[in-house]
Amino acid sequence: MKIERVELLHVAIPLVSPFRTSFGTMTTKDTFLLRVVTDVAEGWSEFAADPEPLYCSEFVGAAELVLRQHLVPRVTPEVTAAEVAPRTHAIKGHKLAKAALETAVLDAELRSYGMSIGAYLGATAAKVPAGVSVGIKNSIPELLGDVEGYLAEGYARIKLKIEPGWDVEPVRAVRERFGDVLLQVDANTAYTLADADHLRRLDEFGLLLIEQPLEEDDIRGHSLLAQRIRTPICLDESITSARDAATAIALDACRIINVKPARVGGYLEARRIHDVAVAHGIPVWCGGMLETGIGRGPNLALAALPGFVLPGDVSASRRYFAEDLTEPFELQDGFMRVPAGPGIGVEPIPETVRRFTTATKVLYARD
Ligand code: OSB
Ligand code: MG
């Protein structure tokens with residue numbers, strides 16, 4: 001495909017309520033979209049990180065710069081989606097930026113021959129069970145009220161964000177009030193191995209998993225922690241490639257993997273992680289980054305692959321946004337429908353995108 005134009009659109013979309021994790025509080029989805037115009041079709045994607053490097057080392061400002069100066073020049077004037085990763089491999093890191101570029105190119109390519117990303121990846125389900133990620137709250141009653149609302153909406157699984165001082169008590173309260181709902185926790189690296197005895201107190205609650213308790217580069221620590229707690233360890237931040245997944249599995253650092261396409265450089269590598277995990281009998285699930293519909297659509301397609309046996313962080317648009325950039329995704333009996341249209345399967349609504357756009361940058365224009 002010939003690339004004719006690459007645009008970066010900064011967007012700022014208010015969240016319906018603040019989302020607090022162990023690394024910070026979000027009130028706005030502040031990121032950018034990529035629009036890639038080719039000779040055969042147009043493709044869209046969404047950058048997954050935030051203005052500050054708190055979840056991972058990448059952030060909006062750095063991603064714009066690396067795309068403009070280092071990544072886009074390597075894929076112009078002509079590229080296929082499968083070539084994006086090898087052509088940008090020499091540039092170290094920046095996987096979320098690379099994922100945005102690869103996904104927009106893939107969207108254009110798939111649209112040019114009318115194939116959905118689900119069909120391309122090997123999705124086998126038409127709908128997937130939806131989990132919801134629940135932020136850290138100011139009080140237990142506030143948490144219970146929110147969880148009650150999500151269960152009433154039909155969510156199939158609850159994930160509680162935890163940190164030191166907000167872990168055993170909220171989990172106990174949710175278990176006592178709501179019985180044996182599918183329940184898991186996410187620490188976003190907030191603990192150390194010295195907390196092992198404390199984390200073992202979570203064992204009595206029958207959690208599906210504890211996600212990323214230790215630092216992202218601490219594979220050995222997770223392996224040692226796994227010997228000291230019964231709750232299965234799931235890695236998120238630590239897994240940035242299929243090789244990382246194979247390493248973590250071989251070292252018994254995790255029994256479950258959260259696959260986020262953005263964190264691993266895109267849907268092609270996400271698919272490889274799925275394959276490695278399936279080969280080892282390791283369950284995977286699809287993580288989220290508070291995506292608008294533009295990121296949510298393709299995430300749902302990934303979550304429809306056969307190895308995604310646990311409910312993902314693939315909640316409805318209204319979980320985060322009063323108004324989405326695409327037709328809103330809605331929960332139906334605890335499931336989300338997998339988009340089946342060409343490419344990423346969703347269309348940005350031009351008027352809505354325009355209203356939430358704060359700046360547009362042209363990263364490339366063919367002359
Ligand atoms: O660790 O899974 C995470 C959101 C932003 C950054 C990191 C994470 C999350 C979530 C929310 O847990 C997932 C979602 O609902 O999109
Ligand atoms: Mg996580």
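Bear in mind the structure is a predicted one, so any value in this text is a computation, not a measurement. (Residues numbered from 1 in each chain as written. Chains lettered and ligands numbered in written order. Predicted model: local features only at pLDDT ≥ 70, side-chain atom pairs only at ≥ 80, totals over all residues. Heavy atoms only, no water.)

A. View of the site of ligand 1. The full set close to ligand 1 counts 16 residues, and Lys161, Asp186, Asn188, Leu290 and Tyr320 are the nearest of them. A distance of 3.2 Å is found between an oxygen atom of ligand 1 and a backbone nitrogen or oxygen belonging to Met289. Tyr320 is positioned with one of its side-chain polar atoms (N or O) 2.7 Å from an oxygen atom of ligand 1. When ligand 1 sits alone it has 390 Å² of accessible area, and the protein chains cover 99% of it. In this structure, ligand 1 is accommodated by the second largest pocket. Across the shell around ligand 1, the residue classes tally to 6 nonpolar, 3 polar and 7 charged. (Near = heavy atom within 4 Å. Polar contact = N/O pair within 3.5 Å; in protein donor to acceptor, adjacent residues only side chain to side chain. Areas by Shrake-Rupley, 256 points an atom, 1.4 Å probe, with all protein chains shown as cover. 1 Å grid on protein atoms, 1.4 Å probe; cavity = no way out; pocket = protein on both sides within 12 Å on 5 of 7 lines; lining within 4 Å. Sits in = over half its atoms within 2 Å of the grid points. Nonpolar A, V, L, I, M, F, W, Y, C, P; charged D, E, K, R; others polar.)

B. Local environment of the pairing of strand β7 (residues 183-186). Here β7 shows a buried face lined by Leu183 and Val185 and a second buried face lined by Gln184 and Asp186. Sheet analysis places strand β6 (residues 157-161) next to β7, joined by 4 bridges and oriented parallel. Within the sheet, the bridge partner assigned to Ile158 lies in β7 and is Leu183. Each parallel crossover has a hand, and for β6 linked through helix α6 (residues 168-178) to β7 it is right-handed. Across 2 bridges, β7 lies against strand β8 (residues 210-211) in parallel orientation. Within the sheet, the bridge partner assigned to Asp186 lies in β8 and is Glu211. (Buried < 20%, exposed > 50% of the residue type's maximum accessible area, 1.4 Å probe, protein only. Helix = DSSP H or I, 4+ residues; strand = E, 2+ residues; numbered from the N terminus. Pairing = 2+ DSSP bridges. Right-handed = clockwise from strand over helix to strand, strands pointing away.)

C. Just the layout of surface pockets, in detail. When its volume is computed, the largest pocket comes out at roughly 530 Å³. In terms of lining residues, the largest pocket is bounded by 20 residues, among which His89, Lys95, Lys98, Ser241 and Val264 are the most central. Residue assignment for the lining of the largest pocket shows that the elements contributing at least two residues are α2 (81-88), α3 (95-112), α9 (242-250) and α10 (267-280). At 4 residues, the largest contribution of residues to the lining of the largest pocket is made by α2. The class makeup of the residues in the lining of the largest pocket is 6 nonpolar, 6 polar and 8 charged. Both domain 1 (3-114 + 349-365) and domain 2 (118-337) contribute no fewer than three residues apiece to the lining of the largest pocket. Phe19, Phe23, Met26, Asp50 and Leu290 are the residues nearest the centre of the second largest pocket, which is lined by 33 residues in total. Taken together, the elements giving at least two residues each to the lining of the second largest pocket come down to β1 (3-21), β2 (24-38), β5 (131-134) and β6. In terms of residues, the lining of the second largest pocket owes the most to one element, β2, which gives 7 residues. (Points joined across faces, edges and corners; volume = space filled by probe spheres on them. Domains from an automatic or database assignment.)

D. How the structure looks around unusual backbone geometry. Each neighbour pair has its own omega, and for Thr76 with Pro77 the value is 5°, a cis peptide bond. Topologically, Pro77 is positioned in the loop between α1 (60-75) and α2. In this structure, Gln212 is a non-glycine residue whose phi angle is positive, near 40°. Mapped onto the fold, Gln212 is located in the loop between β8 and α8 (219-226). On the basis of relative accessible area, Gln212 is assigned to the buried category, the value being 0%. Of note, the phi angle at Leu290 is positive, near 55°, even though the residue is not glycine. Within the secondary structure layout, Leu290 lies in the loop between β11 (284-286) and α11 (293-303). Judged by relative accessible area, Leu290 falls into the buried class, the value being 9%.

Keep in mind these values describe shape, not function.
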